[in-house]
Amino acid sequence: VVIMMRVSVFALAGMIGLVVVCGCSRFFVAPFYRASSMMYVMPDNSNSNSSTLSDMQVGQQLTSDYSSMIESRSFMEDVIKKLNLTIDYQQLLEKVEVTNPTSSRILQVTVNDPNPQTAADIANEVASVAESKLKEITGMQAIKIYEEAAVPEKPSSPSLKKNCALGLLAGIVLAMAVITVLYLM
């Protein structure tokens, strides 16, 4: 009988934790949308028509240089001006992530924003500014956009399933802690 009471207390505490965390996640946490555009880093092939191994290695090395340049103040301020954003450089930089996901010559610009259209617009504009400014800086076609960001249909965060599972687990653990403390006293 005592064991059944404790199991029911664990189940009740788990359900309370689940409901509280799910409710908070659904109604009090703003959803964020993730949009990504992709760019291809091109080495200078003006001297030859074929792509050699050294061209590929140079392209891979350039991705880290270009990634740093894209995240620079001048690039981000151009994006702010072109989209008429009401945020400053630092706030935009917090939304934008430039990565090289496969250690190749691909750069991916990912933007997180509460508005799905704004996320896609920023990702596409960062790629566009990068394409034009890098061409201007290097004097050659440095980057080519090959995939524009689409407007995301579903939020990327918060993860309702994960948060609900954590709420359930937290309720059970809290009930175990309370029962243990009461037993020891």
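Residues numbered from 1 in each chain as written. Predicted model: local features only at pLDDT ≥ 70, side-chain atom pairs only at ≥ 80, totals over all residues. Heavy atoms only, no water.

By the secondary structure assignment, Ser132 is in helix H5 (residues 116–138). The exposure class of Ser132 is partly exposed, given its relative accessible area of 38%. Taking C-alpha positions, Ser132 is 9.4 Å from Lys144, a pair spaced 12 residues apart along the chain. (Helix = DSSP H or I, 4+ residues; strand = E, 2+ residues; numbered from the N terminus. Buried < 20%, exposed > 50% of the residue type's maximum accessible area, 1.4 Å probe, protein only.)

Next up on the list: the state of the cysteines. Taken as a whole and judged by the stated rule, the model has one disulfide. One disulfide bridge connects Cys22 with Cys164, the sulfur atoms lying 1.5 Å from each other. Taken together, the residues span a long stretch of sequence, with Cys22 in helix H1 (residues 2–27) and Cys164 in helix H6 (residues 160–184) at a distance of 142 residues. Side by side, Cys22 and Cys164 carry an identical accessibility label, which is buried. Cys24 takes part in no disulfide bond, and the closest cysteine sulfur, belonging to Cys22, lies 9.6 Å away. (Disulfide = S-S within 2.5 Å.)

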